[in-house]
Structures are given as C-alpha cells and as structure tokens.
Amino acid sequence: EQYAKKQNDDHSQLFLSKINQQLDRMTDLISDLLDISRINAGKVEYKDEMFRFNDIVHEVVSDQSLTTKKHKIILENSVKQKIYGDRFRIAQVFINLLTNAIKYSPQSEKIIVKTTQENNSVIVSVKDFGVGIPKKEQAHVFDRFFQGNGLIRKNFPGGLGLGLYISSEIVRRHGGKIWVESETGKGSTFFFSLPIKNTK
C-alpha cells in the first residue's frame, strides 16, 4: 500500500512538473510576443544607468546554473569596466543565449562563457558543444520568427523564433553587435558586444 502511494505521489509530482514546464513556456511566449509588439511600435522602454558589466555576467551565470543539473557553466575572464545601458535588457540578452546553449546541447556537459574588453567595447561569448547551426542558416538566426529547418527544428520544438531577434534588437539599440560562429554537430558560439560609454 505504501509503495502504491509512493508511486502515485511520484506520478503526481511528474504531472505537476510537466504542468509547470508548460506554464513557464507559455509565459515565455507571451513575454516574447509583448516584446515584439513593443519593438514594432517603437515603444520599448529602456532604463539606462551606469553599472559594472561583470556584475550582470556573474548574476546570470549563477542563476542559470541553478536551472540545469547536467551542464556546468564555466566562466572565463572578467572585465571590470562599467558600461551605460539598461541592466535588465542586457541581462535578458545574456539569459537568452545561455538558455539556448543549454537547450541545444543536451548531450554536452559544459558551456563556456568568456568576457573580454577590446578597444572601446566589452564582448561576451557563450560557447556550447551541441548540435550546431548549418552554414546556410547562420545568417538568418537573428531574423524574426526564424526557427531553423530539418532535424534541428524537429528535435527541438517549441518557441516562436523570437528570442534571438529580440536580443539582436536590444544589442542594436545599445550600439552593439551580435553574431554567431558555428559548425554542425560541434556546437555554436554566440557573441555580443557593447560599447563602453560613460554618458548618454
């Protein structure tokens, strides 16, 4: 009888876990749709301030490490430079790149994050060792509603192809750049750079 109860409890926990995953996915989709509508209308609000760039990097890596049991997020290098921008929106870009790295490297155990300073910019890279992106698709990954084709799309359903587009718009608004280097079957490295500015 106790075994039956435990089995039932395990089933209930699994069921509730699945419901929470679906709710989280729905929340993310709604958030992306709201962001895209604001971008299209030119009504995205930014709250710019001076902050230490490295603070965001450490916060996001720490938070995202709690969301995955399999992947170890390795942080290499750090920059002490302060930048001027919207702390929340920049973190949103970084979170998106890390969650994608986790999602598209299910057989891998590590993700490498690097931060560097080059001339008047700070650069973040997020490297995974997952499925990679075909050459012909790399130029389109930041397009609105682009979800990829073939086996990658089949094996990783869900989403509307908005996360990278929204990220690219946030980076562009800050005067930065975002790009990807990838090889099919060997993983991807996403980069974004932001200019170092002391004032508006």
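Criteria and cut-off values
- Residues numbered from 1 in each chain as written.
- Predicted model: local features only at pLDDT ≥ 70, side-chain atom pairs only at ≥ 80, totals over all residues.
- Heavy atoms only, no water.
- Helix = DSSP H or I, 4+ residues; strand = E, 2+ residues; numbered from the N terminus.
- Buried < 20%, exposed > 50% of the residue type's maximum accessible area, 1.4 Å probe, protein only.
- Contact = heavy atoms within 4.5 Å.
- Areas by Shrake-Rupley, 256 points an atom, 1.4 Å probe, with all protein chains shown as cover.
- Polar contact = N/O pair within 3.5 Å; in protein donor to acceptor, adjacent residues only side chain to side chain.
- Salt bridge = Lys/Arg side-chain N within 4 Å of Asp/Glu carboxyl O.

**Considering the overall build of the protein**
Along the backbone of the protein there are six helices and seven strands. Starting at the N terminus, the α and β elements of the protein follow one another as α-β-α-β-β-α-β-β-α-α-α-β-β. The buried share of the protein, taken over its 200 residues, is 40%. For the protein, the share of sequence-separated contacts (at least 6 apart) that also reach a separation of at least 24 residues comes to 72%. As displayed, the protein offers around 12500 Å² of accessible surface, 51% of which is attributable to carbon and sulfur atoms.

**Quick word on the side chain of S182**
With respect to the helices and strands, the residue S182 is situated in strand β6 (residues 177-183). A polar side-chain atom of S182 sits 3.0 Å from the main-chain carbonyl oxygen of G187. Excluding anything up to four places from it in sequence, S182 contacts G132, I133, K135, Q138, G187 and S188.

**Some words on the pattern of salt bridges**
Following the criterion strictly, the structure yields six salt bridges and no others. Two residues, D48 and R173, come together in a salt bridge whose shortest N-O distance is 3.0 Å. Pair noted here: D48 is in strand β1 (residues 48-52) and R173 is in helix α6 (residues 163-173), with a separation of 125 residues, a long-range link. In this structure R173 comes out as partly exposed when scored by relative accessible area, which is 36%.

**Quick look at the environment of R87**
Tracing the backbone shows R87 in helix α3 (residues 87-103). Considered as a pair, R87 and M50 are 37 residues apart in the sequence and their alpha carbons are 8.5 Å apart. Not counting residues up to four positions away in its chain, the partners in contact with R87 are K47, E49, F51, D55, I56 and E59. Within polar-contact distance, the side chain of R87 engages the side chain of E59 at 2.9 Å.

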